Amino acid sequence: MGTGLVMAPKVNRKTVKKKKTEEPELEPLCCCEYIDQNGEKNHLVASFCDCQDLDEGCERWITCKSLHPETFERIMDTISDRFRIPWLRGAKKVNITIIPPLILLPLFLHVASWHLLLGIIILTSLPALALGYYYLTHKRKDRTLFFLSLGLFSLGYMYYVFLKEVAPKGRVGHGQLVILTCGLFLILIALGQAKKNPGYLKNPLQNGSLPNNSPVELLNRKGQEKVKGFSGDSLGSVNNRMVKDDPKSYSRTLVESPNKVKEDWCAKCQLVRPARAWHCRICGVCVRRMDHHCICCVGESNHQAFILALSIFLVTSVYGITLALDTICRDRSIFIALFYCPGVYANYSSALSFTCVWYSVIITAGMAYIFLIQLINISYNVTEREVQQALREKTGRRLLCGLIVDTGQYNRGFLRNWHQFASLGARTLHPPAEDIV
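- As annotated in an unreviewed UniProt entry, the protein carries the name Palmitoyltransferase and is attributed to Phascolarctos cinereus.
- The Catalytic activity (unreviewed entry) field of the UniProt record for the protein holds the comment "L-cysteinyl-[protein] + hexadecanoyl-CoA = S-hexadecanoyl-L-cysteinyl-[protein] + CoA".
- UniProt, in its Sequence similarities (unreviewed entry) section for the protein, records the words "Belongs to the DHHC palmitoyltransferase family."

Considering the state of the cysteines
Reasoning step 1: Taken as a whole and judged by the stated rule, the model has one disulfide.
Reasoning step 2: Linked covalently through their sulfurs, Cys329 and Cys341 form a disulfide whose S-S length is 1.6 Å. Its torsion about the S-S bond being -105°, the disulfide of Cys329 and Cys341 is classed as left-handed. Taken together, the residues Cys329 in the loop between α11 (303-328) and α12 (334-339) and Cys341 in the loop between α12 and α13 (348-379) connect sequence positions twelve residues apart. Accessibility classification places Cys329 together with Cys341 in one group, the buried group.
Reasoning step 3: Of the cysteine sulfurs around Cys283, a residue in no disulfide, the closest is that of Cys280, at 3.7 Å.

Examining the UniProt feature "transmembrane region" (unreviewed entry) in the protein
Reasoning step 1: Those residues carrying the UniProt feature "transmembrane region" (unreviewed entry) are residues 94-111, 117-136, 145-162, 174-192, 305-325 and 357-376 in this numbering.
Reasoning step 2: Counting secondary structure, residues 94-111 comes out at 72% helix and 0% strand; the distance between its end C-alpha atoms is 28 Å.
Reasoning step 3: Helix makes up 100% of residues 305-325 and strand 0%, and the two end C-alpha atoms of the span are 30 Å apart.

A closer look at helix α15 (residues 414-422)
Reasoning step 1: Those residues of α15 not exposed but buried are Asn417, Gln420 and Phe421. Seen from one end, α15 has its buried residues packed into an arc of 100°, which puts them on one side. Within α15, the exposed residues directed more than 90 degrees away from the buried face are Leu415, Arg416, His419 and Ala422.
Reasoning step 2: Where α15 is buried, its residues meet α11 and α13.

Focus: α13
Reasoning step 1: Across its 32 residues, α13 extends 46 Å between first and last C-alpha, which sits within 8% of the 46 Å expected from 1.5 Å per residue.
Reasoning step 2: Asn381 occupies a position one or two residues after α13 and carries a positive phi of about 55°.

Overview of the environment of Arg273
Reasoning step 1: Along the chain, Arg273 falls in the loop between β10 (271-272) and β11 (278-280).
Reasoning step 2: Take Arg273: its relative accessible area is 15%, and that puts it in the buried class.
Reasoning step 3: For Arg273 and Cys286, which are 13 residues apart along the polypeptide, the C-alpha to C-alpha distance reads 7.4 Å.

With respect to the pattern of salt bridges
Reasoning step 1: All told, the structure shown has three salt bridges when counted by the stated rule.
Reasoning step 2: Note that Asp326 and Arg171 form a salt bridge whose closest N and O atoms lie 3.4 Å from each other. One end of the pair, Asp326, is in helix α11; the other, Arg171, is in the loop between α6 (146-166) and α7 (174-194), and 155 residues separate them in sequence.
Reasoning step 3: Here Arg171 falls in the partly exposed class, since its relative accessible area comes to 34%.
Reasoning step 4: With a shortest N-O distance of 3.2 Å, Arg397 and Asp406 are connected by a salt bridge.

Cut-offs used in this document
- Residues numbered from 1 in each chain as written.
- Predicted model: local features only at pLDDT ≥ 70, side-chain atom pairs only at ≥ 80, totals over all residues.
- Heavy atoms only, no water.
- UniProt positions renumbered as here; feature names shortened; annotations may be inferred.
- Disulfide = S-S within 2.5 Å.
- Helix = DSSP H or I, 4+ residues; strand = E, 2+ residues; numbered from the N terminus.
- Buried < 20%, exposed > 50% of the residue type's maximum accessible area, 1.4 Å probe, protein only.
- Arc of directions from axis to C-beta.
- Contact = heavy atoms within 4.5 Å.
- Expected span 1.5 Å × (residues − 1).
- Salt bridge = Lys/Arg side-chain N within 4 Å of Asp/Glu carboxyl O.

What follows is the structure, given as structure tokens:
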């Protein structure tokens with residue numbers, strides 16, 4: 001009689017233990033060893049060895065031949081992988097983009113303090129170089145810590161020059177120095193809050209399957225929809241739109257047409273974006289109510305912290321510039337001292353302080369422009385991404401030569417716009433009416 005039961009073979013526990021003990025254990029890394037990008041064990045001493053691309057690049061540079069872009073990218077990848085510092089249990093990788101500001105900024109400022117003409121040339125070229133690097137990295141969609149390093153090091157270096165060159169002259173009181181120091185710490189705290197999660201969207205497929213009653217299947221890589229369970233005439237009113245991180249809210253709001261579903265579908269993140277969400281090319285993920293990406297991605301959850309960091313920086317920077325100019329150019333107003341300060345290049349200390357003041361003025365002016373644009377956008381309830389889209393498509397209402405762009409889609413009035421901005425990130429049971437399309 002066949003019972004249908006199959007007896008499982010007995011496993012000898014002793015042989016299993018022997019197999020486990022026979023597996024070789026990975027040797028712990030010393031402070032100068034690391035696992036490279038090829039998965040092989042390497043040492044810091046051998047960082048300049050076995051690099052054929054670097055040898056080829058040096059040979060082409062000596063013979064005045066052009067270097068292929070692919071070879072240059074491989075060289076940079078190898079350098080970034082081998083640029084490490086000794087650390088416990090293996091050498092730690094250091095992002096190479098944080099190094100240039102630490103070296104170039106003090107060098108440029110010290111050279112600029114030698115003469116007035118050198119100062120004009122260097123201080124006017126620094127913003128152009130920074131903007132050029134900004135557009136280059138955004139065009140290549142690279143993540144870089146250059147601007148974060150430049151911002152933080154600029155704050156620290158300006159504070160260092162202030163303590164070393166300005167404060168000892170006796171014109172700055174202890175209370176004023178305490179206020180300036182507190183402002184610096186508040187900037188760092190607000191910036192730390194702005195660096196947090198801006199509101200990344202998660203793919204519901206990672207947490208589980210989509211609801212079985214979903215009428216739309218949006219997993220076509222070619223950008224075309226595959227519709228199940230509905231005819232073509234009824235698609236315009238029953239397509240579901242996913243607006244939350246969990247699959248339960250997949251059908252919270254409705255979309256007007258299949259074209260709208262296709263427009264909001266993100267092929268990279270494999271999800272349907274809610275209203276006002278965008279895909280960040282730098283972070284590689286969709287962000288709720290994304291505004292822009294600078295030193296960090298600014299979205300729904302950290303937009304308030306970003307505005308707070310900007311406002312504290314502007315107040316602290318203007319206060320520090322005022323104290324420095326009052327010490328360097330005595331008995332003169334701030335605006336006159338900026339453009340006319342006789343004898344400031346008579347000694348190196350005052351020349352370096354004056355150069356750093358002008359560097360701070362340039363940075364503060366740029367941040368003030370960004371702050372003004374942010375205040376205008378908040379007042380009209382638009383994000384920077386929506387402004388750029390309106391300018392490309394030539395939609396919306398433009399005022400003051402394009403400084404103000406009102407799309408009219410989410411504008412609910414000055415007070416209601418600011419009230420909505422003040423409540424960003426708050427968890428509400430019912431979504432705002434503007435998120436329902």
